[in-house]
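Here is how the chains run, residue by residue.
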Amino acid sequence: MQLKEFNILLDIKKYNKTDYFEVVQGDLNSNVLNITLVDGLNPYDLTGANVEIVFAKPDGTTVIQDNSNGVVVINELEGKIQCILNTNTIASPGRVIAEVRVLSDIDDMFLTSARFGFYVRRPIFGDDTIKITNEWPLLKKLLEAS
């Protein structure tokens with residue numbers, strides 16, 4: 001199955017407008033954020049750093065994803081990060097605001113990027129969804145028999 005991948009260019013200093021995208025509440029292991037962290041026009045070097053992404057959800061809660069639950073640094077020198085969105089991250093429908101946090105033990109440094117956002121929508125399918133049947137032929141037979 002093909003993943004839904006979203007490419008995000010994220011500056012450490014200033015807000016860059018990102019393309020609107022939405023994910024579906026309840027989707028599992030299928031939404032991937034491909035984030036390139038930059039400082040102006042230059043890639044942000046992530047060598048020796050730990051990366052986490054903080055998500056402010058529409059229900060007022062905040063969650064963190066890091067290297068233990070879906071965040072991977074793909075290329076340190078080019079500032080490339082990948083995040084597979086957890087179901088808890090997208091559990092609440094509405095606008096989600098996020099930022100990347102870079103933590104470095106080498107330099108004893110902590111940095112937070114500019115923010116980006118996306119939308120989580122409710123699926124049409126739910127607990128009250130019923131599988132339909134084609135009842136017209138049966139109804140037609142009953143009408144003809146009477």
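See the structure above.
Calculation notes
- Residues numbered from 1 in each chain as written.
- Predicted model: local features only at pLDDT ≥ 70, side-chain atom pairs only at ≥ 80, totals over all residues.
- Heavy atoms only, no water.
- Pairing = 2+ DSSP bridges.
- Helix = DSSP H or I, 4+ residues; strand = E, 2+ residues; numbered from the N terminus.
- Axes fitted to C-alpha atoms, helices over the stretch in contact; angles between N-to-C directions.
- Salt bridge = Lys/Arg side-chain N within 4 Å of Asp/Glu carboxyl O.
- Buried < 20%, exposed > 50% of the residue type's maximum accessible area, 1.4 Å probe, protein only.
- Contact = heavy atoms within 4.5 Å.
- Core = buried A, V, L, I, M, F, W, Y, C linked by side-chain atoms within 4.5 Å.
- Phe/Tyr/Trp six-rings, centres within 6.5 Å; stacked < 30°, edge-to-face > 60°.

Draft legend 1. Region of the structure containing the sheet that holds strand 10 (residues 109-121). If you walk across this open sheet you meet the 5 strands as 2-10-9-5-6, and the pairing is mixed. Strands with a single pairing partner mark the edges of an open sheet, and in this sheet they are strand 2 (22-24) and strand 6 (62-65). Averaged over all adjacent pairs, the angle separating strand axes in this sheet is 35 degrees, with direction ignored. When strand 2 meets strand 10, the two strands line up parallel, connected through 3 bridges. Bridging from a neighbouring strand, V24 pairs with R121 of strand 10.

Draft legend 2. Molecular detail of the pattern of salt bridges. Taken as a whole and judged by the stated rule, the model has 5 salt bridges. Close ionic contact of D27 with K4 constitutes a salt bridge, the shortest N to O distance being 3.3 Å. Remark: K4 occurs in strand 1 (residues 4-11) and D27 occurs in the loop between strand 2 and strand 3 (31-39); sequence separation between them is 23 residues. A relative accessible area of 30% places K4 in the partly exposed class. The salt bridge partner of K13 is D39, with a shortest N-O separation of 3.0 Å. On the criterion of sequence distance, the pair formed by K13 in the loop between strand 1 and strand 2 and D39 in strand 3 is long-range, its members being 26 residues apart. By relative accessible area, which is 63% here, K13 ends up exposed.

Draft legend 3. Structural context of the side chain of S30. Its location among the elements puts S30 in the loop between strand 2 and strand 3. The class of S30 is buried, set by a relative accessible area of 9%. Once residues within four sequence positions are removed from consideration, S30 is found in contact with L3 and K4.

Draft legend 4. The arrangement of the nonpolar core in detail. Residues L33, I35, L37, F55, V100 and F118 are the most contacted members of the largest nonpolar core, which totals 30 residues. Those elements that provide at least two residues to this core are strand 1, strand 3, strand 5 (49-56), strand 8 (80-84), strand 9 (94-104) and strand 10. In this structure L37 touches L10, I12, P43, Y44, L46, E78, G79, I81, V100, V102 and S113, once residues within four positions along its chain are discounted.

Draft legend 5. Just the side chain of N31, in detail. With respect to the secondary-structure elements, N31 resides in strand 3. By relative accessible area, which is 0% here, N31 ends up buried. Setting aside residues no more than four positions away along its own chain, N31 makes contact with K4, F6, V23, C83, I84, L85 and I90.

Draft legend 6. How the structure looks around the environment of E76. With respect to the secondary-structure elements, E76 resides in the loop between strand 7 (71-75) and strand 8. Among the residues examined, E76 registers a relative accessible area of 37% and is labelled partly exposed. E76 sits 42 residues away from N34 along the chain, and the two C-alpha atoms are 13 Å apart. Not counting chain neighbours up to four residues away, the residues in contact with E76 comprise Y44, D45, L46, T47 and G48.

Draft legend 7. Expanded view of the packing of aromatic side chains. A complete count under the given rule lists 3 aromatic pairs for this structure. Between F6 and F21, the aromatic rings sit 4.3 Å apart at their centres with planes inclined by 20 degrees, giving stacked as the arrangement. Placement of F6 in strand 1 and of F21 in the loop between strand 1 and strand 2 is noted, with a sequence separation of 15 residues between them. On the basis of relative accessible area, F6 is assigned to the buried category, the value being 14%. Centroid distance F21 to F118: 5.3 Å. Interplanar angle 15 degrees. Geometry classified as stacked. On the criterion of sequence distance, the pair formed by F21 in the loop between strand 1 and strand 2 and F118 in strand 10 is long-range, its members being 97 residues apart. The pair F21 / F118 is uniform in exposure class, with both members buried. In this structure an aromatic cluster arises from ring pairing among F6, F21, F55 and F118.

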